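# Close look at the chain arrangement
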2 protein chains.
Amino acid sequence: MGIKQRSGNIFDNLDNKPDAIVIENYCEPYIDDNFFYITGLKKGIFEGCAAVLFPDRNTDLLVSELEEESAKKSSANLKTYRDQNSYNNALRDSLSHVKSIGLNFDRVLYRKFQDLKKMFPDTKFVDVSDGFVKTRLVKDKIEIETTKKACEIADKAMEKIPDFLHEGMFEFELAAEIDHLMQKNGADKSAFDTISSFGKNTAEPHYTHGTTKLSKGDFVLCDFGACYKKYNSDMTRVFVFGKASEKQKAMHKTVLDAQRIGFDRIKPGLKAQEVHNSVNTYIDNTEFKGRFIHSTGHSIGLSVHDGGAGFSQDCDIELEENMLFTVEPGVYIPGFGGVRIEDDILVKKDGMEILTKSPRDLIEIL
Amino acid sequence: MGIKQRSGNIFDNLDNKPDAIVIENYCEPYIDDNFFYITGLKKGIFEGCAAVLFPDRNTDLLVSELEEESAKKSSANLKTYRDQNSYNNALRDSLSHVKSIGLNFDRVLYRKFQDLKKMFPDTKFVDVSDGFVKTRLVKDKIEIETTKKACEIADKAMEKIPDFLHEGMFEFELAAEIDHLMQKNGADKSAFDTISSFGKNTAEPHYTHGTTKLSKGDFVLCDFGACYKKYNSDMTRVFVFGKASEKQKAMHKTVLDAQRIGFDRIKPGLKAQEVHNSVNTYIDNTEFKGRFIHSTGHSIGLSVHDGGAGFSQDCDIELEENMLFTVEPGVYIPGFGGVRIEDDILVKKDGMEILTKSPRDLIEIL
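Our next topic: the packing of helix α6 (residues 141-164) of chain B against helix α7 (residues 171-184) of chain B. All names here are of chain B. One way to put it is that α6 packs onto α7 with a least axis distance of 9 Å and a crossing angle of 140°. When the interaxial angle is binned, α6 and α7 end up oblique. The interaxial crossing formed by α6 with α7 has right-handed handedness. Facing I153, A154, A157, K160, I161 and F164 of α6, the residues of α7 in contact are L174, E177, I178, L181 and M182. For the contact of α6 with α7, the class distribution of residues is nine nonpolar, no polar and two charged.

See the structure below:
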């Protein structure tokens, strides 16, 4: 028996149900991760491949010869193609009795949509992006177990960071060690470009790493995650290289308290935005008012920013059991530095469980 | 003075010139690398940011607060936004006098195109994808120098691989070492998911790595590259862990000879497909007829598969000085193994230069 698709069925979450859903992959990085959701495949690139999902969950998998062996692990019906012509024929064959095709309007490229319209001129195209978002937000058992493993791998790397820090080291060297630790521990790759920033660079939330050298007294901000069997973790810790100043301590304590306030609110039935509002209000009542410049968290899964929902001002979805999110408040002072503390959590029946286990207290590297 | 955009001007390669070109980034991985081509930025993620390019090469850069500091390195006109509303206002402001907007139809997401149409109902939208492809194929001096550095980093890692190989090691462990070596040597990250396959897994060109253990007599196929300041290298070597069999030697020699035939043909004025045809014909006249199942190479640059051109059957572009390509013939025998040899080359006035320097002869790890 092959690998099974995830237990969530997109068609269950669609008002306007098409006869089939088509997910086409293009060149890297234009790979729609819904392809992996549908096929359950845990490895491989599958550039130019496609999955066709039918309401009875039968799935056709159009795969190039370059990845035929890997594709055999899927329980989908395999159709191997060699060139564009045989790909088109396979797609026509799969969709020969279909009157309406569902596409993920959020992720389909304009050009590819035009190509499909030409190929199937009498077919109706239906937006199924909402169905994907809704279905993927609630994780099945395998997704949760896989994410826990991705968290464990990130935790193991975080634990070792203090051993690597030494005066004068470059930010990019620390990133290299973090990624190496995760891959040696079984990560397929880093979940995203590892952030390892020093000193005032920590004030810029999306700064990754560069050639800044570590100095005494610097904040060290590490934000990274592991990608394991296509599922991702995402966590952040901040260290002080040396003795922390009163200001550094105050920033860290504020963020830690804010995160705890977020944790305490999370439970099924709450609107996602309320978590953000509580965290944001808390920070805005401290000396760091206005310094929290992003949302409190995002859904996580096959994609690091998974399914377009999160703890943000505009997101009014209701939390449900088995959703996975990050909780990551921060405060940023340009020219000085920033603190963010981020963990991955699982919404449970009566609240939530923190999946990332690294200590959250401020660690001084003395 | 800030970082300058690349010297190629998209507008020069457009028949139907719009008043402005807009490149919008979405969430990772839906980042259009033309954003970096236009802005010249060498670091950062720039999710949700946008670049607006005018025919006089003036550029507006809409950047979120999360990456404001990094964006300041660009010489573009910075417009910082905090939320969707201020983003929309900044975009409206940039395009207030514009009657036609150029979009990259190959990369723009369908949904985002619809959003833009709603936002600018009286504006004409023009496809500028061809302009990007044409302009980006020919590299400027900085692009070539940056790519040479990316090649050098990959070469340094390739050189060390024999030191790491030991019986029983996992494929993923070798991938971890390769990525670590590249990052320690200054790569911002790996150019793509590093392929380190052993034994019969080498027969699948897009297999990345897994938990297969290294055994005596195995092929070891390593296909990887460095991403350095957004530019990429991409090379492949095959080792034999132990003494090579006659069949392994024959496969390797065939591929090496085929690559040389490709190298010898490359020069300005030749149609790209002719390189592939020569290589393919050569292989099809050996005992490995039909075992070369992909194209001979692809343009490389900001994207690993850059600009949609390459040494493939259908590509009839004429080679020009300062184009960068991979040359990567291979033969694959399912159940046995595969050999691919890949180098990055620069088209020069009288021929070409190989930028990746690792030895191409078969190395036996005895």
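Turning our eyes to something else, we now look at the packing of helix α8 (residues 246-265) of chain A against helix α9 (residues 272-284) of chain A. Residue and element names in this part refer to chain A. α9 packs onto α8 with a crossing angle of 150° between their chain directions and a minimal axis gap of 9 Å. On the basis of the axis angle, α8 is roughly antiparallel to α9. For the pair α8 and α9, the sense of crossing is right-handed. Across from T254, D257, A258, I261, G262 and R265 in α8, the residues of α9 making contact are E274, V275, S278, V279, Y282 and I283.

Residue and element names in this part refer to chain A. Split by domain assignment, chain A resolves into domain 1 (3-137) and domain 2 (141-364). For domain 1 versus domain 2, the separation of C-alpha centres amounts to 33 Å. Contacts between the two partners involve 11 residues from domain 1 and, on the opposite side, 16 residues from domain 2. For the pair domain 1 and domain 2, the two sides together bury roughly 1200 Å², of which 57% comes from carbon and sulfur. Of all residues in domain 1, R6, K42 and L137 bury the most surface against domain 2, accounting for 52% of the area lost on that side. Across the contact surface, domain 1 and domain 2 share two salt bridges.

This part takes up the relation of the copies chain B and chain A. Rotating chain B by 180° and translating it 0.0 Å along the rotation axis places it on chain A, where the RMSD comes to 0.0 Å. The two molecules are tied by a two-fold rotation axis, judged by turn and shift.

Of the residues lining the interface, 49 residues belong to chain B; the matching set on chain A comes to 49 residues. In this assembly, chain B packs against chain A so that about 4800 Å² is buried in total across both faces, 53% of it on carbon and sulfur atoms. Three residues stand out in chain B for area buried against chain A, namely L66, Y110 and H206 of chain B, and they jointly supply 17% of the buried area on that side. At the boundary of chain B with chain A, the tally comes to six salt bridges. Run the count over chain B and chain A and you get 24 residue pairs in polar contact (both at pLDDT 80 or more). At the level of elements, α2 (68-71), α4 (110-119) and α7 of chain B are the ones that each hand at least two residues to the side of chain B that touches chain A. With eight residues, the single largest contributor to the side of chain B that touches chain A is α7 of chain B.

This part covers the sheet that holds strand β9 (residues 219-224) of chain B. Either a parallel or an antiparallel arrangement is found when strands of a sheet pair, and the pairing is made through backbone hydrogen bonds. Residues and elements named next belong to chain B. On the basis of which strands lie adjacent, the open sheet formed by four strands has the order β8-β9-β12-β20 and mixed pairing. Each edge of the open sheet is held by one strand with a lone partner, namely β8 (195-198) and β20 (363-364). Of the strand pairs in this sheet, strand β12 (residues 235-240) and β20 are connected by two bridges, and their pairing is parallel. Within β20, the position partnered with V240 by the bridge is E364.

Following E28 of chain A, the chain continues into P29 of chain A via a peptide bond in cis, with omega recorded as 0°. Tracing the backbone through its elements, the reader meets P29 of chain A in the loop between β1 (20-24) and α1 (34-39). A positive phi angle is found at R57 of chain B, which is not glycine, with a value near 75°. Positionally, R57 of chain B belongs in the loop between β2 (50-53) and β3 (59-64). A positive phi angle, close to 75°, is found at N322 of chain B, a residue other than glycine.

Rules of the game
- Residues numbered from 1 in each chain as written.
- Chains lettered and ligands numbered in written order.
- Predicted model: local features only at pLDDT ≥ 70, side-chain atom pairs only at ≥ 80, totals over all residues.
- Heavy atoms only, no water.
- Axes fitted to C-alpha atoms, helices over the stretch in contact; angles between N-to-C directions.
- Helix = DSSP H or I, 4+ residues; strand = E, 2+ residues; numbered from the N terminus.
- Parallel < 35°, antiparallel > 145°, perpendicular 65-115°, else oblique.
- Left-handed = near helix turned anticlockwise from the far one by under 90°.
- Contact = heavy atoms within 4.5 Å.
- Nonpolar A, V, L, I, M, F, W, Y, C, P; charged D, E, K, R; others polar.
- Domains from an automatic or database assignment.
- Buried area = accessible area lost by both parts, 1.4 Å probe.
- Salt bridge = Lys/Arg side-chain N within 4 Å of Asp/Glu carboxyl O.
- Least-squares fit on C-alpha atoms with pLDDT ≥ 70 in both.
- Polar contact = N/O pair within 3.5 Å; in protein donor to acceptor, adjacent residues only side chain to side chain.
- Pairing = 2+ DSSP bridges.

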